[in-house]
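# Analysis of the macromolecular model
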Amino acid sequence: MASARKPPLRKGAGPVLTRARRSAGLRACNRAARVSRRLGASCQTPTGRSQVADAAGLEEAGESDAVEAAAGSPRQAAVPSDSESEGSGTGGAQRGAGAGNLATISLLELKRLPNVELRKLCSEACLPTVGTKAVLVERLHEASQALTAEALFRSDPGASDTADASVPIEGEPKQSNVEVERAEDLSTALETTADVVSAEARLTAARETLQDLVDERISLMAALGKAQDADEEFADELERGPHEDSAPTSHAAVTPKIAESLPDATPDESWPALTAAGMDDKLDPVNLKDLTASAAVGAATAVIADSAKVAKAADAVPDSMPTAGVGEEEAVQRALASELGASEDTLQRLTEERAELLAALEQTKGSNAEKNENEEASDIRGGGAPLPTDTVVEMADLNPAPTISSASGVTTAPGAYTAEPEQKHAVGGAVLRAPAPKDSSPLTEEELCAVHAGQLYFFEPALTAGRASTLYFNRAVSDVLCTRPTIVVQFGFNHWQWENGEVTALPTSVPKYEGVDWWTASVEIPVEAYEMNMVFHDSDGAYENNCGMDFVATVEGGMSVEAFASIMREKRAAVEAARREAVAKEIAARQAIAGEEVARMAEDAASLEAEGKGRRAAEVLASDRRIAEEAISSERWQAEHASRELPVAAKGRYFSKPAKPAANSVVTVLYNAEDSPLDGAGKVFIVLGRNGWQGALKETLQMRPATKTDTRNKPVGQWWKVAVEIPEGVWQLDFVATTQEGQGDGYFDNNSMQDYHIRVEHNMSDTDWEARIAAKAKEVTAAREMAEAKETIRAEERKARRSVQRAKALEAVRRSQAHIWYSEPAEPRVGDTVKIYYNPSNTLLKGCETVYMRGSWNRWKHSALWGPVTMEPADTDGGHMIGEMLVPADAWCMDFVFSDSPAEHANYDNKNGLDYHLPIAASGEKEPPMHIMHVAVEMAPIAKVGGLGDVVTSISRAIRELGHQVEVVLPKYDCINYAAVQDLREDGGFQFGSTYWRVFRGEVVGVPTFFLAPDRGDFNVGCIYGRADDEPRFGFFCHAALEFMLTTDRSPDIVHCHDWSSAPVARMLSEFYGETHLGKTQSVFTIHNLNYGAALIGEAMHYSAMATTVSPTYAWEVGDNPAVAPSVGKFHGIRNGIDPDIWDPETDIWLPRHYSADDIVEGKAANKRALQQRLGMAQDPDRPLVGIVTRLTAQKGIHLIQHTVHRVLERGGQVVLLGSAPDPKVQAGFEAMRNDVEQTSHGRMVLSYDEPLSHLIYAGADMICVPSMFEPCGLTQLIAMRFGSVPVVRKTGGLNDTVFDIDHDKERCGWYGYDTNGFSFEGTDSEALDYALNRAIDAYYDARDWFRSLQLRCLEQDFTWNRPALEYMELYYQCAKWASLSE
């Protein structure tokens, strides 16, 4: 079976009108519209065909080409002109009020309308939905309105409703403007006549009676058709009936075209539709046989009486009128009387014909009595009893064509447009078809096509399951295909679900003429079919497809919809089972191949690893030997050369015995303390070293007083001596004299910091030096291996710690969302039934009584979509609702959203566009890694100016640790710290415009980084920022970065650009690379500081898929900025983090005492003493020490910084300020302030940048003050807490998002998943600052133990990149989802 495919919708498809439908006259449509207005009928827009023309058979000469204006032809549905759109005067106002108000426009107003407006009004005249009763009523009342209305339109050919305004109405003379005015006055007189109004009302009420007459006539004719022994004369009469020029026959022709309009009818005009729905039993055609002839005659008599009253009123009008208005009224009334008289004859003929039919039916009852029940239930074309309401039988021709049943179960005429019941062409009611005449001879093809003239298609024989049928297609009727040389029938069955195919139609031998061009094709109908679906096309893009709804024909004798659905379910199950089996086999085969490949690769890897290890080991050992050789070579040079130029000491200060000692011997060292710092000392020691103090061979030896014999020939003095053993390999002895054994506060004599040295004859050969090199190499190797082992341990500890931190971060995210949703289990596994608890009261779905959940798996990339699932109230507190879902085996993430309706178009809670996601554990599938590329102009530590560089490096590392591929593209500055770039090498290049760009690659703290270097030297300027051409330089780099991705076939999921300097990437990616393989790449833009490059930032905000800034509060603060506001809907705040490897009190190289959460009190106390000692402050542990590390700018709150220094000293604390001001005036002011502050030993101000000192302040301070005026994120408070210092901050930007006040933020911090951790204030004056600072100092003085616990709480909180990385990944995933949806 071919796959089900929905045929394409023909471009520009509107209501498709056939030439047969266009054959009805426009004037008849206009008449019907005017009659409807006069009768007060509501107007509705026609649905695409001329129902009145088709139903009433008003095929008058001269009117065949004009129906399109009233029927909704595409040619008439053009866009109105300016004058038509705007309207003018009364006409414009009336037209703007809608076609439904056309009935209220007076003739005088119609007369004054411009011709173009008259044509527009007429073409828009909304016909009431036409049923049998409407057609009859219109016919009976047509004459009463024709004279007045037609006079107006005949007077101005330009106002005609025809497509060509120059074509007059055939057979009707034009009238002068005077006649029009007279007709207008006459119409006004008629409208004010009570008798006429009353007659019209009663005539309207008689509609149902007239309809009963006609429908009973149809029922009787159908019953007569069943009589096999019907009188031959009666059959001939029936056959001649439609050709007789009689009103009853004409108006009894109830066609599917009329029936198709019924669903759109208003209640007053939809009698057949109401009948089919069972809403009016007394009007059901099945019960028409119960209506007696006398009742019908009585109803007709009442109508005739009403007509007589109107005629009487007309007779009262004088024969002639000298002035306009009176004469016209007389003429109109007389014409009305004449026409109504003719209507009496029509009614009389209907009544007589009904009586004749009843009599004929009585005559056939005897012969029919012997017929069995099967014959009574024979085919509808020969049926006798009234048919059920879901049957349509056409009376347009008493030689009926075969029928086609629609998908809704309603039989329609072949060629009629059918669709589902809710579609506008669906048949919504039931009409009876006259029986076919008995004729033993089959129709020829030409006769058969003649029977179906005007139809688009029909089948012969009727569609029957398991049989072949011939489709006849009338190419001339199709507006789309009438001139096409090829006709292809594209078909399928059962809503395009079964045996779809195509067949090319061929022309028939039937002669072609106007409106006739029959083509034919044969189709086999499968036994499973219950309906056939079709469209027609020319294999070149032109489609006849029923306005996009396709053609549907019912198949008789086939399966029911339910039975076919069961087959489809079984088939789908079989297909799915086969697919799964095939997939399983393929997976098994692939696994087998993969297993072999993995085994082979494992062997190769093991071999390569062994080879690599051997090679690396050899390289490392060679490196160790080189280090040893360098060290020993230096020693050898010193042994042979350097010691010959020893520092000069004071004459008579020291000497040795022997004067030139040798290795492997004992030498006596003699020292004279007289006139030295040790003069008069009771004890003297020497600290002895060897070979220029190298190695660990240092020792302290106590000297003894020397004798005169020892110092013979030496100056008199305070001589001391000691014997020293000289081991192998020593070429120099080094010593200083001291009065104290070991380290202490004793006195030293170090020869004015040059020390004392004694030359030793080493007597070492080349072999000895080589042995020393080997020994040194072993020493280096051992030291290296020990360092590597320690680093491995530290790396494993960091990995474990980060794993725990990530788990805590994920748990913190869960806690922060628990007031909205949570799951059970919290970490579901495949195969689990996960329960989702949702609280709509905290979302935009607040107040919804019923909530629905729907979603998918694996970031919406799974083949299965589920829902909507109706959530039930949960048995919990808080108003949660619960929904359940089984986790499939191949799911690694659950995706879902909530809505207030099961419909697709509903109100959704989708987490501000990010959707809700839940990780799934133990999945057989793994989360595929994303590819993210950062384009930036800073990167720490190699090219850092501010916080931007830290963020680029840190977020890259954090995302890589989550298992994703991350790369950075950076300009290749000449001022980069290349020592921090590992494995830097040139990696090709590319031509961009007239510039060649060289590409270098390397790793920066483990992140693959590419450096782009233009050959024209744009970035060889000695700096990153600060030049007048910064903007064009960086714009050129941004374009080159995208070109680099293009030329190297990189297709990242995300390109992340930062601040104004790389903002152009977002626009360039959208404008220049949409048609390349970068077209699916989405851009994310981050604002680090809005004070620079607002125009470029606004541009990037517009073009990026997502935009972020460095904290939620800062995002809210800048949301109204003109650069941000237009795109605020995609703007998110994600706080920055800090790198735990750089800011770690356990490993920080600049701390004299390392510490962790286990010994935070002792560690901070030791670093506090070291800080006080370094800065010369009083070492008082009972005073709180407040640190301030900042740039001295207005943003940082200069006046509050100054107040903090003075306030801390006033409260008896200690304060240390580290920072500098770029403004010389500000710097000078702080220098003056320093002179006053440092008068005491409790305050110090270091007005310069000192990285080691900053680390010591963070570790040694008890609290850190950050009183910024605004702070996008801020790192100072995060670093301080990482070292266990309590923050005192102003509530702004990232400070508000990371510091939660002890007294005021207990509830707020829970929403963020944190604990309270500091003190904050809101104002910008000193009083506001004092409120926070005083509380912190009071806590230190009054609750020391509690304050220490607060410090521990700060240290243990996770402000690394773990949580921000998860939030960035949510944005990245959402961008990737949009990219996949746009494909």
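Position labels on residues start from 1 in each chain and follow its written sequence. For a predicted model such as this one, the threshold for reporting local features is a pLDDT of at least 70, and the threshold for listing and counting side-chain atom pairs is 80 or more; totals across whole chains, interfaces and linings nevertheless cover every residue. Heavy atoms throughout the structure, all of them, feed into the side-chain values; hydrogens and water do not.

## What to know about the overall build of the chain
We count it as follows: Here a strand is any run of E in DSSP of at least two residues, a helix any run of H or I of at least four, and the numbering for each starts at the N terminus. Type-normalised accessible area, obtained with a 1.4 Å probe on protein chains alone, sets the label of each residue: buried when under 20%, exposed when over 50%, and partly exposed for intermediate values. By definition, residues are in contact when any of their heavy atoms lie within 4.5 Å. To measure how exposed things are, a 1.4 Å probe is used in the Shrake-Rupley method; for residues, cover is taken only from the protein chains shown.
Helix and strand counts for the chain come out as 38 helices and 44 strands. Within the chain, the fraction of its 1383 residues that count as buried is 51%. Restricting to contacts in the chain with at least 6 residues of sequence separation, those with at least 24 account for 71%. Total accessible area on the chain is roughly 62,100 Å²; 51% of this is exposed by carbon and sulfur atoms.

## Remarks on the packing of aromatic side chains
Note the threshold: Centres within 6.5 Å make a pair out of two Phe, Tyr or Trp rings, where for Trp the six-membered ring is used; the pair is then stacked when the planes are under 30 degrees apart, edge-to-face when over 60, and tilted otherwise.
Inspection of the entire model under this criterion finds 43 aromatic pairs. Measuring from centroid to centroid gives 6.0 Å for Tyr457 and Phe536, while their planes differ by 45°, and the two rings are tilted. Here the residue Tyr457 occupies a position in strand β3 (residues 457-460), and Phe536 occupies one in strand β9 (residues 531-537), the gap between them amounting to 79 residues. Judged by its relative accessible area of 1%, Tyr457 falls in the buried class. For the ring pair Phe990 and Trp997, a centre distance of 6.5 Å and an interplane angle of 5° mean the geometry is stacked.

## Observations regarding the pairing of strand β32 (residues 981-992)
Selection rule: Here a strand pair is declared whenever DSSP counts at least two bridges between the two strands.
As paired elements, β32 and strand β33 (residues 995-1004) share eight bridges and run antiparallel to each other. Paired with Glu986 across the strands is Phe1000, a residue of β33. Taken together, β32 and the strand that follows it, β33, pair antiparallel across an intervening segment of two residues, in which Gly993 is found at a positive phi of about 65°.

## Brief notes about the sheet that holds strand β25 (residues 872-873)
Taken together, the four strands give an open sheet; going across it, the order is β21-β22-β26-β25, and neighbouring strands pair in antiparallel fashion. The strands lining the two open edges of the sheet, one partner per strand, are β21 (821-824) and β25. Across six bridges, the pairing between strand β22 (residues 833-838) and strand β26 (residues 881-886) is antiparallel. Paired with Val834 across the strands is Met885, a residue of β26.

## Regarding the pattern of salt bridges
What counts is decided by this rule: The term salt bridge refers to a pairing of a side-chain nitrogen on Lys or Arg with a carboxyl oxygen on Asp or Glu at a separation within 4 Å.
Scanning the model with the defined rule gives 50 salt bridges in all. Notably, a salt bridge pairs Asp915 with Lys1377, separated by 2.6 Å at the nearest N-O pair. Within this pair, whereas Asp915 is found in the loop between β28 (908-909) and β29 (916-919), its partner Lys1377 is found in helix α38 (residues 1362-1381), the two being separated by 462 residues in sequence. For the pair shown, Asp915 and Lys1377 are each scored as buried. A salt bridge links Arg998 to Glu986; the shortest N-O distance between them is 2.8 Å. Placement of the pair is Arg998 in strand β33 and Glu986 in strand β32, with a sequence separation of twelve residues. Judged by relative accessible area, which is 43%, Glu986 ranks as partly exposed. One salt-bridge network, in which partners are shared between bridges, spans Arg1027, Asp1029, Asp1030 and Arg1033.

## Observations concerning unusual backbone geometry
Omega for the peptide link from Lys657 to Pro658 comes to -5°, which places this bond in the cis form. Mapped onto the fold, Pro658 is located in the loop between β12 (654-657) and β13 (665-672). Cis geometry marks the peptide bond from Gly867 to Pro868, where omega comes out at 5°. Along the chain, Pro868 falls in strand β24 (residues 866-870). Of note in this structure, Val1005 is not a glycine but carries a positive phi near 45°. Examined against the element boundaries, Val1005 turns out to sit in the loop between β33 and β34 (1007-1014). You can call Val1005 partly exposed: its relative accessible area is 36%.

## Regarding the nonpolar core
Buried together is how nonpolar side chains tend to be arranged in soluble globular proteins. The condition that has to hold: For the purposes of this section, nonpolar cores are sets of buried Ala, Val, Leu, Ile, Met, Phe, Trp, Tyr and Cys residues that join through side-chain atoms within 4.5 Å.
Among the nonpolar cores identified, the biggest contains 69 residues, and Phe1230 and Phe1319 are the most heavily contacted of them. Formed by 62 residues, the second largest nonpolar core is a distinct cluster that contains Phe1019, Leu1042, Cys1057 and Leu1078.

## Looking at the sheet that holds strand β37 (residues 1106-1109)
Short version of the rule: An axis is simply a line fitted to the C-alpha atoms; with a helix, the fit covers only the stretch in contact. Between two such axes, the angle follows the N-to-C directions and lies from 0 to 180 degrees.
In spatial order, the strands read β32-β33-β34-β31-β30-β35-β36-β37-β38; together these nine strands make up an open sheet with mixed pairing. A single partner strand is all that each edge strand has here, and the edge strands are β32 and β38 (1131-1133). Each neighbouring strand pair of the sheet contributes to a mean axis angle of 25°, computed without reference to strand direction. Where strand β31 (residues 965-971) and β34 come together, four bridges link them in parallel fashion.

## Some thoughts on helix α23 (residues 947-961)
Since the α-helix advances by 3.6 residues per turn, residues separated by three or four positions end up pointing in the same direction. So the rule is basically this: One less than the number of residues in a helix, times 1.5 Å, gives the span that helix is expected to have.
Taking 1.5 Å of rise per residue, 15 residues should cover 21 Å, and α23 covers 21 Å from first to last C-alpha, within 8% of that figure. Those residues of α23 that sit buried are Leu948, Gly949, Asp950, Val951, Val952, Thr953, Ser954, Ile955, Ser956, Arg957, Ala958 and Ile959. Immediately beyond the C-terminal end of α23, within one or two residues, lies Gly963, with a positive phi of roughly 100°.

## Points about the pairing of strand β17 (residues 719-726)
Burial within β17 is extensive, with six of its eight residues counted as buried. As judged from the eight bridges shared by β13 and β17, these two strands associate in the antiparallel manner. Residue pairing in the sheet places Val666 in a bridge with Glu725 of β17.

## What about the packing of helix α30 (residues 1198-1210) against helix α31 (residues 1224-1237)?
What counts is decided by this rule: By definition in this entry, angles of less than 35 degrees are roughly parallel, angles greater than 145 are roughly antiparallel, angles of 65 to 115 are roughly perpendicular, and the rest are oblique. Three classes are used: nonpolar for Ala, Val, Leu, Ile, Met, Phe, Trp, Tyr, Cys and Pro, charged for Asp, Glu, Lys and Arg, and polar for all others, with Gly counted as polar.
Running from N to C, α30 and α31 point in directions that differ by 5°, and their axes come no closer than 12 Å. One way to sum up the angle between α30 and α31 is to call them roughly parallel. Across the interface between the two elements, Ile1198, Ile1201, Gln1202, Val1205, His1206 and Leu1209 of α30 pack against Val1226, Phe1230, Met1233 and Val1237 of α31. Counted by class, the contact of α30 with α31 contains eight nonpolar, two polar and no charged residues.

## Digging into the confidence of the model for the chain
Applicable threshold: How sure the predictor is of each residue is captured by pLDDT, a score from 0 to 100.
Looking at the chain, pLDDT values average 75 and 67% of them are 70 or higher. In this model, residues 146-176 is a region of pLDDT below 50 whose contacts with residues beyond four sequence positions or in other chains number 64 contacts. Below pLDDT 50 for its whole length, residues 189-197 participates in eight contacts with residues either more than four positions away or in separate chains.

## Concerning the side chain of His934
Along the polypeptide, His934 turns up in strand β30 (residues 931-935). On the basis of relative accessible area, His934 is assigned to the buried category, the value being 1%. Setting aside anything within four residues of it in sequence, one finds His934 in contact with Ile955, Ser956, Val966, Glu967, Val968, Val969, His1056, His1058 and Tyr1372.

## Quick notes on the packing of helix α26 (residues 1064-1072) against helix α27 (residues 1094-1103)
So the rule is basically this: For any pair of crossing helices, the crossing counts as left-handed if the nearer helix is rotated counterclockwise from the farther one by less than a right angle, and right-handed if it is rotated clockwise.
At a minimum axis distance of 7 Å, the contact between α26 and α27 shows a crossing angle of 45°. Viewed along their axes, α26 and α27 adopt a mutual orientation that is oblique. Viewed along their axes, α26 and α27 form a crossing whose handedness is left-handed. Counted together, Pro1064, Ala1066, Arg1067, Ser1070 and Glu1071 of α26 and Leu1096, Glu1099, Ala1100 and Tyr1103 of α27 form the full contact between these two elements.

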